[in-house]
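The residues making up each chain are set out below.
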Amino acid sequence: MQALLSFENTPPFAAPLRFFVTAPLFAVLAGLLLLLEGPALFASRWMPATLAATHLMTVGFMLQVMLGALIQILPVVAGANLKRPLLIATVLHLGLSIGALLLAGGFYLGQPLLLSAAALLLGATVLVFLVATTLALIGVPSTSPTIRGLKLALCGLFGVVALGAVMAFALAHGWALPLPVLTDLHAGWGLGGWAGVLLAAIAYVVVPMFQLTPGYPARPSWWFPLAMLTLLLLWSAAVFFDLNALIRLCQGLAAIVGIAFAGLTLRLQQQRRRARADATYHYWQLGLTASIFALLMLLTAALWPAASNFAGWTLLFGILLVGGGFLPFIVGMLYKIVPFLAWTHLQNQGQAKVPAPSMNKILADTDMQRQMIAYAAALVLLLAAVFFPDWLARPAGLGFALASGWLWLNLFGAIRRYRQFGRDIQLKLAAKLAGNK
Amino acid sequence: MSHPKTPHVVDARFMEPPEPFVKTMEMLDTLKDGEKMLLLLYREPHPLYKVLKQNGHAYESELMPDGTYEILIWP
């Protein structure tokens with residue numbers, strides 16, 4: 001039985017871990033940038049520091065964890081194995097980490113050379129990922145909404161990175177492109193087509209599995225990724241043909257589709273069979289609630305465009321959706337994935353002769369809950385700083401850096417304990433085997 | 001628990017991993033010639049599929065409207 005549990009093709013633990021411990025450092029950097037720049041960062045979404053901080057979060061944190069986690073879970077959720085996962089992990093991790101720094105540096109310092117280098121490096125890195133995953137997924141039939149969702153999310157990833165690279169070059173070389181409209185579209189592809197569709201595809205598996213909820217009903221699960229991608233293609237066409245009403249229609253419909261997914265997930269969570277609410281559950285509740293508010297803002301602006309003229313509207317939307325929605329979803333999942341993977345690897349090391357310690361000993365729920373409260377407090381400060389930047393911008397930056405640093409400490413601590421337990425298990429196993437001789 | 005497809009059913013829909021895997025392997029060991037078993041789960045168990053293939057078992061999976069995967073397995 002134990003041999004059967006040690007799935008030979010599972011990528012080595014080191015493959016995804018490097019992404020998970022690097023990502024929080026980018027969130028710390030974003031917080032420190034806000035601490036350094038203060039209220040200026042809240043002056044407009046187009047401020048160099050604001051663009052830098054946004055991409056530290058989306059590329060440095062979100063993309064980093066998403067790609068790292070996919071290397072790990074593609075075999076589990078889709079039965080697709082990446083060839084040479086460790087090599088791919090090394091290339092992606094380096095490309096993403098350096099690329100995110102170049103991009104943030106390029107925005108912050110207004111350096112065309114850095115922007116071009118970032119576009120080239122991030123474009124090439126994501127291309128490596130897309131080729132590797134496409135090769136793994138070729139021949140895998142879309143037997144579940146998860147597999148179809150993953151394939152469509154990869155199209156979303158291509159969309160956001162291709163648009164991002166073109167815009168970075170345009171900014172660097174002064175090409176005449178309608179950058180504000182394209183920025184919205186780029187954000188739509190990134191947060192809707194890539195992150196949103198990927199989140200749904202993975203949620204179909206992990207929400208019932210880790211939170212013991214009923215499953216997602218089949219029909220909406222099949223439709224959600226397809227609807228989102230179709231809307232983004234339509235939105236792109238509308239940008240190309242300069243059809244403003246159609247752009248707004250697509251944004252409004254995308255918001256409704258997103259709200260439906262978040263509402264359905266909230267309803268499933270209410271029916272969960274797990275008695276105790278753990279940190280992941282709370283993080284997801286926060287993420288779902290904040291996402292619904294953010295998407296209601298998007299819907300409002302689609303119906304009544306003048307709403308977005310209010311100062312701070314887009315910043316508030318971005319903080320709610322990225323800081324309040326996606327980051328909590330991702331951290332909530334990290335808090336399940338890291339202890340679970342550590343436990344599985346320890347279980348395998350014990351070869352059924354030495355039991356692995358419980359997951360709570362690898363990463364205690366109280367540590368995760370406390371960090372979550374710190375994160376929620378930092379988020380409240382960030383949201384309030386949109387209205388009172390002079391007073392709250394710097395405290396919000398400090399709070400965000402501290403909460404993200406705490407996340408790093410929690411994850412790093414789990415890895416340290418995993419290594420310690422691994423050594424203990426090896427010793428006990430050796431003693432048992434010696435005793436049997 | 002019984003099911004129109006077979007009387008041998010593992011309803012693993014509210015079980016935490018690796019329990020569904022363990023329970024399925026246990027039930028497979030008890031099946032007699034010609035008998036089939038059914039695993040109910042809210043996800044497709046790709047790692048289990050892999051082990052089933054390696055051990056020469058056949059399976060058939062069907063997604064129901066409520067999100068349940070009915071996985072029929074036979075030796």
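Here the structure is a predicted model, which means the values were calculated and not measured.

Analysis parameters
Residues numbered from 1 in each chain as written. Chains lettered and ligands numbered in written order. Predicted model: local features only at pLDDT ≥ 70, side-chain atom pairs only at ≥ 80, totals over all residues. Helix = DSSP H or I, 4+ residues; strand = E, 2+ residues; numbered from the N terminus. Buried ≥ 20, exposed ≤ 12 C-beta atoms within 10 Å, placed from the backbone. Contact = placed C-beta atoms within 7 Å. Rg over C-alpha atoms; globule rule 2.2 N^0.38 Å. Nonpolar A, V, L, I, M, F, W, Y, C, P; charged D, E, K, R; others polar. Core = buried A, V, L, I, M, F, W, Y, C linked by C-beta atoms within 7 Å. Domains from an automatic or database assignment. pLDDT = per-residue confidence, 0-100. Pairing = 2+ DSSP bridges. Axes fitted to C-alpha atoms, helices over the stretch in contact; angles between N-to-C directions. Right-handed = clockwise from strand over helix to strand, strands pointing away. Expected span 1.5 Å × (residues − 1). Bend = angle between axes of the 7 residues up to and from the residue. Parallel < 35°, antiparallel > 145°, perpendicular 65-115°, else oblique.

Trainee: Any chance you could break down the overall build of chain A for me, citing the residues and the numbers?
Mentor: Regarding its fold elements, chain A presents 14 helices and 0 strands. The helix and strand sequence of chain A, counted from the amino end, reads α-α-α-α-α-α-α-α-α-α-α-α-α-α. Out of the 437 residues in chain A, the part that is buried amounts to 52%. Long-range contacts, defined here as pairs at least 24 residues apart, represent 78% of the contacts in chain A between residues at least 6 apart.

Trainee: Give a description of the overall build of chain B that names residues and reports values.
Mentor: What chain B contains, in helices and strands, is 2 helices and 4 strands. Mapped in sequence order, the helices and strands of chain B form the string β-α-β-α-β-β. Here the C-alpha radius of gyration of chain B, 11 Å, is about what a compact globule of 75 residues would show, namely 11 Å. In chain B, the share of contacts with a sequence separation of at least 24, taken over all contacts with a separation of at least 6, comes to 57%.

Trainee: Report on the interface of chain B and chain A, specifying residues and quantitative values.
Mentor: Listed per partner, the contact involves 22 residues of chain B and 23 residues of chain A. It is helix H2 (residues 46-54) of chain B that contributes the most residues to the side of chain B that touches chain A, 5 residues altogether. Partitioning the side of chain B that touches chain A into residue classes produces 13 nonpolar, 4 polar and 5 charged.

Trainee: How would you explain the nonpolar core if you had to name every residue and give the values?
Mentor: In globular proteins that are soluble, nonpolar side chains generally tend to be buried together. All names here are of chain A. Residues Ala30, Leu56, Leu334 and Val338 are the most contacted members of the largest nonpolar core, which totals 161 residues. With 21 residues, helix H11 (residues 313-349) is the single largest residue contributor to this core. Counting contributing residues per domain, this core is built from domain 1 (14-140) and domain 2 (298-422), each supplying no fewer than three. Once residues lying within four places of it in the same chain are set aside, the contact partners of Val338 are Phe20, Leu363, Leu411 and Ala414.

Trainee: How would you explain the confidence of the model for chain A if you had to name every residue and give the values?
Mentor: Across chain A, pLDDT averages 95, with 97% of residues at or above 70. Every residue in residues 1-7 of chain A is under pLDDT 50, and counting partners more than four places away or in other chains gives 12 contacts.

Trainee: Summarise the domain arrangement of chain A; cite the residues concerned and give the values.
Mentor: Residue and element names in this part refer to chain A. With domains assigned, chain A is organised as domain 1 (14-140) and domain 2 (298-422). Contact residues are listed per partner, giving 24 residues for domain 1 and 29 residues for domain 2. Breaking the side of domain 1 that touches domain 2 down by element, the ones donating at least two residues are helix H2 (14-37) and helix H3 (48-78). In terms of residue count, H2 provides more of the side of domain 1 that touches domain 2 than any other element does, 12 residues in total.

Trainee: Could you give an account of unusual backbone geometry, with specific residues and numbers?
Mentor: That bond from Pro17(B) to Pro18(B) is cis: its omega, 5 degrees, falls within 30 degrees of zero. Turning to its location among the elements, Pro18(B) is positioned in the loop between strand E1 (8-11) and helix H1 (19-30). Phi at Arg84(A) is positive, roughly 50 degrees, even though this residue is not glycine. Among the secondary structure elements, Arg84(A) is positioned in the loop between H3 and helix H4 (85-109).

Trainee: Give me the lowdown on the sheet that holds strand E3 (residues 58-63) of chain B, citing residues and values where you can.
Mentor: All names here are of chain B. The sheet built from 4 strands is open, its strands ordered E1-E2-E4-E3 with mixed pairing. Strands at the two margins of the open sheet, each flanked by one partner only, are E1 and E3. Direction aside, neighbouring strands of the sheet carry axes that sit 20 degrees apart on average. Bridging between strand E2 (residues 37-41) and strand E4 (residues 69-74) involves 5 bridges; their strand directions are antiparallel.

Trainee: Summarise the environment of Leu177(A); cite the residues concerned and give the values.
Mentor: When you line up the elements, Leu177(A) lands in the loop between helix H6 (145-173) and helix H7 (179-211). In this structure, the C-alpha to C-alpha distance between Leu177(A) and Leu74(A), residues 103 residues apart in sequence, is 37 Å.

Trainee: Which residues make up the pairing of E2(B), and what values go with them?
Mentor: For a regular strand, side chains alternate in direction, first toward one face of the sheet and then toward the other. Residues and elements named next belong to chain B. Burial runs high along E2: 4 of the 5 residues are buried. Across 4 bridges, E1 lies against E2 in parallel orientation. Following the sheet pairing, Val10 is matched in E2 by Leu39. With H1 bridging E1 and the parallel E2, this β-α-β connection has right-handed handedness.

Trainee: Report on H11(A), specifying residues and quantitative values.
Mentor: Residues and elements named next belong to chain A. With 37 residues, H11 should reach 54 Å at 1.5 Å per residue; the first-to-last C-alpha distance of 52 Å fits that figure. Of all the bends found along H11, the most pronounced is centred on Leu327 and spans about 30 degrees, while Pro328, a proline, follows it within four residues. Of the residues one or two after H11, Gln351 is the one with positive phi, at around 50 degrees.

Trainee: Just give me the short version of the environment of Asp11(B), but keep the residues and values in it.
Mentor: Residue and element names in this part refer to chain B. Here Asp11 lies in strand E1. With 15 C-beta atoms counted inside 10 Å, the residue Asp11 sits in the partly exposed group. For the pair formed by Asp11 and Thr24, sequence separation is 13 residues and the distance between their alpha carbons is 9.5 Å.

Trainee: I'd love a proper account of the pairing of E3(B), names of residues and values included.
Mentor: All names here are of chain B. Across the 6 residues of E3, 0 count as buried, placing the element largely on the outside. Judged from the 6 bridges that link them, E3 and E4 form a sheet pairing that is antiparallel. Note on E4: the bridge partner recorded for Ser61 is Ile71. Between E3 and E4, which pair antiparallel in sequence order, lie 5 residues; one of them, Gly67, sits at a positive phi of approximately 95 degrees.

Trainee: Can you break down the environment of Leu315(A) residue by residue, with the values?
Mentor: All names here are of chain A. Considering the arrangement of structural elements, one finds Leu315 in helix H11. On the basis of neighbour count, Leu315 is assigned to the buried category, with 22 C-beta atoms found within 10 Å. Taking the C-alpha atoms as reference, Leu315 lies 22 Å from Met372; in sequence the two are 57 residues apart. In this view, Leu315 contacts Phe42, Arg45 and Val386; residues no more than four positions away in its chain are not counted.

Trainee: I'd like a rundown of the packing of H11(A) against helix H13 (residues 365-387) of chain A, residues and numbers included.
Mentor: All names here are of chain A. Taken N-terminus to C-terminus, the directions of H11 and H13 make an angle of 170 degrees; their axes are 10 Å apart at the nearest point. Judged by the angle between their axes, H11 and H13 are roughly antiparallel. Across from Leu315, Leu316, Ile319, Gly323, Gly324 and Tyr335 in H11, the residues of H13 making contact are Met368, Leu379, Leu382, Leu383 and Val386. For the contact of H11 with H13, the per-class residue count stands at 9 nonpolar, 2 polar and no charged.

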